[in-house]
Amino acid sequence: MVHLRIVAREDLAHKALDLLCHEDSVVNVVHLHGAARKPEGDVILCDVAREDASVIIGDLKELEIPAHGSIAVEELDSAISDAFEKAEKAAPGMPSDAVVWEEVESRTSEQTELSVSFVAFMVLSMQIAAVGLVLDQPILIVGAMVVGPEFGPLAGVSVAIVHLQGKLARHSLVALAVGFPIGIAAAMVTTLVLAAAGAFPDDLPADRPLTEFVSSPDFLSFFVAVVAGAAGVLSLTSAKSGALIGVLISVTTIPAASNIGVAAAYGEWGDAGGAAGQLTLNLAGIVAAGVVTLFIQRRFYVMRRRKHLHHRARTAAGLPLG
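Just so you know, these numbers come straight off a predicted model, no measurement behind them.

**Q** Before we go on, may I ask you to explain the environment of Arg37 in this structure?
**A** Within the secondary structure, Arg37 sits in strand S2 (residues 26-37). Separated by 74 residues in the primary sequence, Arg37 and Gln111 have C-alpha atoms spaced 31 Å apart. In terms of polar contacts, Arg37 uses its side chain to reach the backbone carbonyl oxygen of Gly34, at 2.5 Å.

**Q** Is there a simple way to explain the state of the cysteines in this structure?
**A** Disulfide: a covalent bond connecting the sulfur atoms of a pair of cysteines. Summed over the entire model, instances satisfying the criterion amount to zero disulfides. Looking at Cys21, it has no disulfide partner, and the nearest cysteine sulfur is the one in Cys46, 9.1 Å off. The buried category is assigned to Cys46, whose relative accessible area is 0%.

**Q** In this structure, what is going on with the nonpolar core? I would like to understand it.
**A** Generally speaking, soluble globular proteins have nonpolar side chains that are buried together. Formed by 28 residues in total, the largest nonpolar core has its most connected members in Met122, Met126, Phe180, Ile254, Ala257 and Leu279. For this core, the secondary structure elements donating two or more residues are helix H6 (116-135), helix H7 (138-147), helix H8 (151-163), helix H9 (166-197), helix H12 (254-266) and helix H13 (269-308). Setting aside residues no more than four positions away along its own chain, Met122 makes contact with Pro149, Glu150, Gly179, Phe180, Gly183 and Ile254. Grouped together as the second largest cluster of nonpolar side chains are 24 residues, Leu4, Leu12, Leu60 and Ala313 included.

**Q** What am I meant to see in the sheet that holds strand S1 (residues 2-8) here?
**A** Paired through their backbone hydrogen bonds, the strands of a sheet run either parallel or antiparallel. Ordered in space as S2-S3-S1-S4, the four strands form an open sheet in which the pairing is antiparallel. With partners counted over all chains shown, the strands left at the sheet margins are S2 and strand S4 (70-75), one partner each. Recorded for the sheet is a direction-independent mean angle of 15° between the axes of neighbouring strands. Two strands pair when backbone bridges link them, and S2 and strand S3 (residues 40-48) are joined in this way by seven bridges, in the antiparallel orientation.

**Q** Mind showing me how you'd approach the pairing of S1 here?
**A** Regular strands show a simple pattern: their side chains alternate between the two faces of the sheet. Most of S1 is tucked away: six of the seven residues are buried. Pairing geometry for S1 and S3, over seven bridges, is antiparallel. Along S3, the bridge assignment pairs Leu4 with Cys46. Sheet analysis places S1 next to S4, joined by six bridges and oriented antiparallel. The partner of Val2 across the bridge, within S4, is Glu75.

**Q** Honestly, the pattern of salt bridges in this entry has me stumped. Any pointers?
**A** Pairing between side chains of opposite charge can happen when their charged atoms approach one another. Applying the stated rule across the entire model yields 11 salt bridges. Where Glu62 meets Arg314, a salt bridge forms, and the shortest distance between an N and an O atom there is 2.8 Å. Within this pair, whereas Glu62 is found in helix H2 (residues 53-62), its partner Arg314 is found in helix H14 (residues 312-316), the two being separated by 252 residues in sequence. For Arg314, a relative accessible area of 1% puts it in the buried group. Connected through shared salt-bridge partners, Asp59, Glu62, Arg305 and Arg314 make up one network.

Criteria and thresholds
Residues numbered from 1 in each chain as written. Predicted model: local features only at pLDDT ≥ 70, side-chain atom pairs only at ≥ 80, totals over all residues. Heavy atoms only, no water. Helix = DSSP H or I, 4+ residues; strand = E, 2+ residues; numbered from the N terminus. Polar contact = N/O pair within 3.5 Å; in protein donor to acceptor, adjacent residues only side chain to side chain. Disulfide = S-S within 2.5 Å. Buried < 20%, exposed > 50% of the residue type's maximum accessible area, 1.4 Å probe, protein only. Core = buried A, V, L, I, M, F, W, Y, C linked by side-chain atoms within 4.5 Å. Contact = heavy atoms within 4.5 Å. Pairing = 2+ DSSP bridges. Axes fitted to C-alpha atoms, helices over the stretch in contact; angles between N-to-C directions. Salt bridge = Lys/Arg side-chain N within 4 Å of Asp/Glu carboxyl O.

What follows is the structure, given as C-alpha cells:
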C-alpha cells in the first residue's frame, strides 16, 4: 500500500475527495478541513493500493493540485486491515510488480546529483578495485562492487530517455562524466605511489586469471551488462534496491574503470585500452537494458491509465472521460 498526504485549497480538495471516495482501490480517506497553513487549504490523507498509485496521482495532477498545494507519497511497509486486502484485490495486478512512477523519478533524481559523497564513493571503490586487480583477488573486486555508486546516474539516464527528461539526463551524464575520470585518475596515482613505496610490484603481473576479464571485452561481457542493467532497473522500480544493485552493476563498471588507471600507471596501454573498451561496452549495455525494461513497464502503465480514463470516479471529480 501507498500512503498519500494531499494539501489542496478547499474547492480542489472536495474534487479530490469525490475522486478518492469513488475509487475501490483507495481506503482510509481522511479529510482535515482548513488544517493546512502554508499553503492554506485542506489536508487529505488516504491509502492506495500500490498498483493504482500512479493512476490516482495522475488524476490528482489533472486537478492541478501540485500547482496550488502538494502530494506526498510514502510507502507503507506493513498494513493490517481487511479494507487493505479489499483495496488490493480491486486493483488488478500484483503489488510486487507495480511501479509507482513518481517514486522512481524522485529516487533517480536524488541519486544523479554530482555531490562530494558521490565522487568520494567513486574514488574509494576504485581504490579497492585497484588493489584487487594488482593482487588478483576477486574478494576485493566484490568489495569495490558494493561501494560503487554509479548505478544511480545510469538508471537516471534510462529514466530520462524513456520519460524524455532532458534535465535528468544532463545531471546523470555530468555525474558520470566527472565521477569516472576522477576515480580513474585516483586509481592511477595510488598505483604509482604504492609501486614506488614497494607495496605494489614493479610491473603489472601478466598472469591474473581471476581478474583478467576486466580488460577483455567480449560478447559475454555485454550479455552480463544487459542482464545486470535489467535486474538493477527491476530492483529500482519494485522498491527493492539495495546492496544487491551495487553487486550486479559494478561488476562490469567500477573494476574496468579502475583497471584503466592501474594499467596506465604501469604503462600497459594495451591493457588500459581493453579496460576502456570493456567499460564503454558495459555502460552501453546497462543503459540499453534499462531503457528497454522501463519502456516495457511504462507501456503497461499507459494501457492501465487509458483504461482508467473511463472510470466513474473521474466523472465524480469533474474530470473528462476518455
